[in-house]
2 protein chains.
Amino acid sequence: MKIIFNRRYVMSEDYRAMWQDLGVDLEGHDALLAVLGDAYRDIYLAQKNRPEAMAYFDFVMSEVHGLRIKELMDEKREGRKIIGSYCVFVPEEIALAANATLVGLCSGADFAMEEVERLLPRNTCALIKSSFGFKLAKVCPYLESADMVVGENTCDGKKKAYETLGGLVDNLYIMDLPQVKSAQGRELLKAEYLRFKDAVEVLTGVKITAESLRDAIVLVNKKRAAMHRLLALRKADPAPISGLDSLLANQIFFYDNPQRFTESVHLLCDELEKRVAEKRGVSAPRTPRILISGCPQAVPNWKLPMIIEGLGAVIVGEESCVGERGTRNLTDESGESVAEMMDAIVDRYFAVDCAIFTPNGERRDHIREMVESYGADGVIHYGLQFCQPYLMEAVPVENSLEEVGIPCLRLETDYSMEDMGQLKTRVEAFVEQLR
Amino acid sequence: MKIIFNRRYVMSEDYRAMWQDLGVDLEGHDALLAVLGDAYRDIYLAQKNRPEAMAYFDFVMSEVHGLRIKELMDEKREGRKIIGSYCVFVPEEIALAANATLVGLCSGADFAMEEVERLLPRNTCALIKSSFGFKLAKVCPYLESADMVVGENTCDGKKKAYETLGGLVDNLYIMDLPQVKSAQGRELLKAEYLRFKDAVEVLTGVKITAESLRDAIVLVNKKRAAMHRLLALRKADPAPISGLDSLLANQIFFYDNPQRFTESVHLLCDELEKRVAEKRGVSAPRTPRILISGCPQAVPNWKLPMIIEGLGAVIVGEESCVGERGTRNLTDESGESVAEMMDAIVDRYFAVDCAIFTPNGERRDHIREMVESYGADGVIHYGLQFCQPYLMEAVPVENSLEEVGIPCLRLETDYSMEDMGQLKTRVEAFVEQLR
């Protein structure tokens, strides 16, 4: 297996020049890549029994700020626009239909926290602080290369933080979102998606047509369908792939080239199918099976799965934006006009059971469905500290699982490593309970 | 002056029977009233140089759970409905037009925190925890007497907490609110106010007419106009009334009989006008003048004004829901049909510059206007811990004030007394800076 984040990569003069052109702070960025490389080696490459097809995802991660950024820069030179997003509510279909590329923005590590806490309250969730940290420290080439950055009114934290981020990022576009799944709420989402479509058309100078929109819908559906195949394979016992590796695919979903990503997920699935047929897994049969539910785990936030799987359990599903909440449900492809397809897009995204919606009983129902279909023995509810929507839902989620006799462990943490010992102790006790 | 919360009051058999009928927990309620009485005596009655007309407000406070509740019970016996509210976005005009009474619900003190924290994350703001505590401990006769309780989708904390409160309160009605002041946002508010009107009509069995709605608009406008007169008088130097006493009027605004309240505020203003003419104040001329801005201070949350005025400064305005943000702007009275007047109500409430809106630059502008018109020397930004919308806006507020050379102290606190020493030290240093 290729040694990732190697010296060649960090020192590549081509990449360094590219980063410098983008305004990336080279010194801070080197530090980030060094930490990222070490973490990846210790957490990912140290895993046993990995599918061979994970080599592709290792490569993508090794080139996360290298080759992929170069590809984006090449696209830009050809006149394509790059749109950065912080949320699964920003429809990739609309970007692609206007010949733009949508990329998820880095938010999974603490950076420049002192500077960040001059702008945001200390009691802000790690994800939001991280997005500010990457910007303030100038270490995210995705953000620096974006022609438009989309913020969305999901939680209070993000909604209000974008007001400040607008002063740091030139091209911040704000998308409003409903809070209730009412007729009025759907109207709001539709109006906002139409407004976003107009804005993207203005940005790219490309008019979205029925053909380009259908192609985009089909392309994104294929990417999701590939993930559905991967997720379905995790239902097997023994699980054919680790939660860490599945999470990586879910993370790379957000920024890789869509076609290539889809093909690579299918190659991985081909291998996993064989494993399942041969009853080979990453761990022994009857290993405690955990479903993670709650807040998103953005690159490189691998803290909790590392703890869980390090303690001998296996994660069989992620009820998360970086996971099934983000990838489930396809967009109806049968629309004939742009208007019909836009309606189909609204329907697809309006079904996302994010905790910003009230009430959100469908999320609790879906967690129970996932527990059943993935054969999970228990649920770990992953709450980022100060993330009010998911922390507020954690108690009802636990109660709902209790009703069907499924143990649930509610955790609240951030990106720091200070609580590792405490988390390990709690997860260990929970896993023991499931054996 | 009447000694409030006296033995007669707490022990009154009539009231005790009434509370018991309402399902109030008498033991917990006695404890609450005892603490409240002590606090009121120490904080309010200990003030020097109070306007004589404050005797009415003292009396109202002394009978906050007594006579006022008896009045509500009498109204209920006559077939009138009581609607409880947690927010200034619930239009009193609509309740009154349907022959219902709107009352603000208690949320200014910690109660039953252990039970509360089994339902809500520890990192929830004190106001929300308090509303749960009063319900769980059954110590709020307003809540217990309400035929309908209205929750609103303002912040994430409240929005998600109401999902759980719905399991504790039989008659919880949820009102959705916009997050952006767009045409779409106004449409949402209008649709929700029309839906609320329908729900109130169903509750009361009273059809709102153009006449009843106009009467209600006029009545609420008069109440607001009385407050505007009071606020305007505070512009004088020396300030004719303390911030504590003004806050009390702002708090009682939410639950007193509207006519009687309006008359009492005008009586107070008559007295204050004389004081202003005679250049008499509650403190010496050139006492440091403070504007409080930020989170609401619900009864009996008098902690911060007590500290500020205890240190020799005077509070000249509250940029708060329990203050000018809640009472400013009248509803246009010229509409002829119910539809026209409903539109006027939507316009009036849509102008509220709550931090749930994004962007919310008008709040920063209004704070600067208030500083100027009230002759404030400095602003203390009052943030309830974990209140993301106001804590997030605190930094931009401070920056905006800095631009015009006005000092701003950002505080973050809760309802506990543990940080009293630290707050006093910080406020003292701030006040010294203004002298």
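That block above? That's the structure.
These remarks concern the structure in this document. In this text, all values refer to a predicted model and were calculated from it rather than measured experimentally.

### Comments concerning the packing of aromatic side chains
Residues and elements named next belong to chain A.
Stage number 1. Summed over the entire model, instances satisfying the criterion amount to 31 aromatic pairs over all chains.
Stage number 2. Where Phe89 meets Phe357, the ring centres are 6.0 Å apart and the plane angle is 65 degrees; that geometry is what we call edge-to-face. Highlighted residues: Phe89 in the loop between β1 (81-85) and α6 (92-97) and Phe357 in the loop between α17 (338-350) and α18 (361-373), separated in sequence by 268 residues. Each of the two residues, Phe89 as well as Phe357, counts as buried.
Stage number 3. Taken together, the aromatic side chains of Tyr56, Phe57, Phe253, Phe254 and Phe261 make up a single cluster linked through ring pairs.

### Structural notes on the packing of α18(A) against helix α19 (residues 388-403) of chain A
All names here are of chain A.
Stage number 1. Here α18 crosses α19 at 50 degrees, and the two axes come no closer than 10 Å. Here α19 runs oblique to α18, going by the angle between their axes. In this structure, α18 crosses over α19, and the sense of that crossing is right-handed. Residues Arg363, Arg364, Ile367, Arg368 and Val371 of α18 form the contact with α19, whose participating residues are Tyr390, Glu393, Pro396, Val397, Ser400, Leu401 and Glu403.
Stage number 2. For the contact of α18 with α19, a count of residues per class yields six nonpolar, one polar and five charged.

### Considering the side chain of A:Glu271
Stage number 1. The residue A:Glu271 is located in helix α14 (residues 258-277) in this model.
Stage number 2. Look past the residues within four positions of A:Glu271 in its chain and what remains in contact with it is A:Pro51, A:Glu52 and A:Ala53.

### Examining the nonpolar core
Residues and elements named next belong to chain B.
Stage number 1. In terms of nonpolar packing, the biggest core is built from 135 residues, with Phe57, Phe89, Tyr142, Tyr193 and Trp302 touching the most fellow members.
Stage number 2. With nine residues, the top contributor of residues to this core is helix α12 (residues 210-233).
Stage number 3. Ignoring anything within four residues of it in the chain, the contact list for Phe89 reads Thr154, Met175, Leu177, Tyr193, Tyr349, Val352, Cys354, Ile356 and Phe357.

### Re the relation of the copies chain B and chain A
Stage number 1. Once turned by 180 degrees and shifted 0.0 Å along the axis, chain B lies on chain A with an RMSD of 0.0 Å. The superposition operator between the copies reduces to a two-fold rotation axis. Taking the C-alpha atom as reference, chain B places B:Asp156 closest to the rotation axis, 3.1 Å from it.
Stage number 2. When the interface residues of chain B are mapped onto chain A, 100% of them are again interface residues, pointing to one common binding face.

### With respect to the interface of chain B and chain A
For an interface, size is often stated in terms of accessible area lost upon the parts coming together.
Stage number 1. Each partner contributes residues to the interface: chain B has 40 residues there, and chain A has 40 residues.
Stage number 2. With both chains or domains summed, chain B and chain A bury close to 3400 Å², and 49% of this area falls on carbon and sulfur atoms.
Stage number 3. The largest share of the area that chain B buries against chain A comes from B:Lys160, B:Gln179 and B:Met392, three residues that together contribute 21% of it.
Stage number 4. The interface formed by chain B and chain A includes two salt bridges.
Stage number 5. Applying the counting rule to chain B against chain A returns 21 residue pairs in polar contact (both at pLDDT 80 or more).
Stage number 6. Elements supplying a minimum of two residues to the side of chain B that touches chain A: α7 (113-119), α10 (156-165), α11 (183-204) and α19 (388-403) of chain B.

### Some words on the pairing of strand β5 (residues 289-294) of chain A
All names here are of chain A.
Stage number 1. When you tally the buried positions in β5, you get six out of six residues, the bulk of the element.
Stage number 2. Alternating residues of β5 divide into Arg289, Leu291 and Ser293 and Ile290, Ile292 and Gly294, and every residue in both groups is buried.
Stage number 3. Inspection of the sheet shows β5 paired to strand β6 (residues 314-319) by five bridges, in the parallel sense. Across the sheet, the residue bridging to Ile290 is Ile315, located in β6.

### Topic: the sheet that holds strand β4 (residues 172-175) of chain B
All names here are of chain B.
Stage number 1. If you walk across this open sheet you meet the four strands as β2-β1-β3-β4, and the pairing is parallel. A strand with exactly one partner marks an edge of an open sheet, and here the two such strands are β2 (100-104) and β4. Ignoring which end each strand starts from, the neighbouring axes of this sheet average 30 degrees apart.
Stage number 2. Along the sheet face, helix α5 (residues 67-77) touches β1 (81-85) and β2 and points at about 155 degrees away from the line of β2.
Stage number 3. Against the sheet, α10 engages β3 (148-152) and β4, with an angle of about 145 degrees to β3.

### Points about the environment of A:Cys106
Stage number 1. Mapped onto the secondary structure, A:Cys106 falls in the loop between β2 (100-104) and α7 (113-119).
Stage number 2. If we skip the residues at most four places from it in the chain, A:Cys106 touches A:His65, A:Ser130, A:Ser131, A:Phe134, A:Cys140 and A:Tyr142.

### Some details on the pattern of salt bridges
Stage number 1. Per the counting criterion, the structure on display carries 83 salt bridges over all chains.
Stage number 2. Across the salt bridge formed by B:Glu393 and A:Lys160, the nearest N and O atoms sit 2.5 Å from each other. Residue B:Glu393 is found in helix α19, and its partner A:Lys160 is found in helix α10 (residues 156-165); the two belong to separate chains.
Stage number 3. By relative accessible area, A:Lys160 is classed as buried at 1%.
Stage number 4. Through salt bridges with shared partners, a single ionic network connects A:Glu319, A:Arg325, A:Arg328, A:Asp353, A:Arg363, A:Glu393, B:Lys160 and B:Glu163.

The rules behind these values
- Residues numbered from 1 in each chain as written.
- Chains lettered and ligands numbered in written order.
- Predicted model: local features only at pLDDT ≥ 70, side-chain atom pairs only at ≥ 80, totals over all residues.
- Heavy atoms only, no water.
- Phe/Tyr/Trp six-rings, centres within 6.5 Å; stacked < 30°, edge-to-face > 60°.
- Helix = DSSP H or I, 4+ residues; strand = E, 2+ residues; numbered from the N terminus.
- Buried < 20%, exposed > 50% of the residue type's maximum accessible area, 1.4 Å probe, protein only.
- Axes fitted to C-alpha atoms, helices over the stretch in contact; angles between N-to-C directions.
- Parallel < 35°, antiparallel > 145°, perpendicular 65-115°, else oblique.
- Left-handed = near helix turned anticlockwise from the far one by under 90°.
- Contact = heavy atoms within 4.5 Å.
- Nonpolar A, V, L, I, M, F, W, Y, C, P; charged D, E, K, R; others polar.
- Core = buried A, V, L, I, M, F, W, Y, C linked by side-chain atoms within 4.5 Å.
- Least-squares fit on C-alpha atoms with pLDDT ≥ 70 in both.
- Buried area = accessible area lost by both parts, 1.4 Å probe.
- Salt bridge = Lys/Arg side-chain N within 4 Å of Asp/Glu carboxyl O.
- Polar contact = N/O pair within 3.5 Å; in protein donor to acceptor, adjacent residues only side chain to side chain.
- Pairing = 2+ DSSP bridges.

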